[in-house]
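What follows is each chain in one-letter form.
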Amino acid sequence: MTRTARAGELPDPTAFIRDNLWLTPVPGLSAISLYRAHPASGLWRLATADAAPYWAYVWSGGAALARYVVDHPKIVAGRRVLHLRAGGGGGPIPSAQNS
């Protein structure tokens with residue numbers, strides 16, 4: 001159980017993530033799991049009428065990049081990888097695992 005933040009104190013983000021998001025495999029990349037929003041998390045209240053929060057799901061571009069890195073690990077082996085917002089963390093995780 002996590003401690004509730006006192007007035008003027010910021011809540012612990014790690015505890016909030018663990019307590020409110022589900023750790024689920026990335027579609028098409030079952031070896032990688034990310035904490036993701038779900039209907040019961042309450043985070044969907046931040047969505048607008050036409051879009052979910054951009055950080056609440058893996059972008060298709062990020063998933064495609066991650067799939068490519070998983071399938072071609074030599075492309076990042078022994079290199080530093082700079083992640084420039086490629087969609088939900090899907091790309092940098094397999095890059096870090098292979099570099």
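For the structure, see preceding data.
Scope of this entry: the structure provided in the associated data block. (Residues numbered from 1 in each chain as written. Predicted model: local features only at pLDDT ≥ 70, side-chain atom pairs only at ≥ 80, totals over all residues. Heavy atoms only, no water.)

Structural notes on the overall build of the protein
Part 1: Along the backbone of the protein there are three helices and two strands.
Part 2: Each helix and strand of the protein, ordered N terminal to C terminal, gives the series α-β-β-α-α.
Part 3: Burial statistics for the protein: of 99 residues in total, 24% are counted as buried.
Part 4: In the protein, once contacts between residues fewer than 6 apart in sequence are set aside, the share between residues at least 24 apart is 36%.
Part 5: Total accessible area computed for the protein in this model is approximately 7,200 Å², and 59% of it derives from carbon and sulfur atoms. (Helix = DSSP H or I, 4+ residues; strand = E, 2+ residues; numbered from the N terminus. Buried < 20%, exposed > 50% of the residue type's maximum accessible area, 1.4 Å probe, protein only. Contact = heavy atoms within 4.5 Å. Areas by Shrake-Rupley, 256 points an atom, 1.4 Å probe, with all protein chains shown as cover.)

What to know about the pairing of strand β1 (residues 22-26)
Side-chain positions along a regular strand alternate between the two faces of the sheet.
Part 1: Relative to strand β2 (residues 29-36), β1 is paired through five bridges, and the arrangement is antiparallel. In the strand pairing of β2, Trp22 is matched with Arg36.
Part 2: What sits between β1 and β2 in their antiparallel hairpin is a turn of two residues, with Gly28 showing a positive phi close to 85°. (Pairing = 2+ DSSP bridges.)

Thoughts on the nonpolar core
Part 1: Ranked by size, the top nonpolar core spans seven residues in total: Val26, Leu29, Ile32, Leu34, Val58, Ala63 and Ala66.
Part 2: Secondary structure elements with two or more residues in this core: β2 and α2 (60-71).
Part 3: For this core, the element with the highest residue contribution is β2, accounting for three residues. (Core = buried A, V, L, I, M, F, W, Y, C linked by side-chain atoms within 4.5 Å.)

Overview of the pattern of salt bridges
Part 1: A complete count under the given rule lists one salt bridge for this structure.
Part 2: Across the pair Arg67 and Asp71 runs a salt bridge whose closest N-O atoms are separated by 2.9 Å. A residue pair is termed a helical-turn pair when its members lie 3 or 4 positions apart in one helix, as Arg67 and Asp71 do in helix α2 at four residues.
Part 3: Accessibility expressed as a relative area gives 32% for Arg67, which makes it partly exposed.
Part 4: With relative accessibility at 46%, the residue Asp71 sits in the partly exposed group. (Salt bridge = Lys/Arg side-chain N within 4 Å of Asp/Glu carboxyl O.)

Some details on the environment of Val69
Part 1: Within the fold, Val69 resides in helix α2.
Part 2: When the C-alpha positions of Val69 and Ile93 are compared, they lie 9.4 Å apart, and in sequence the two are 24 residues distant.

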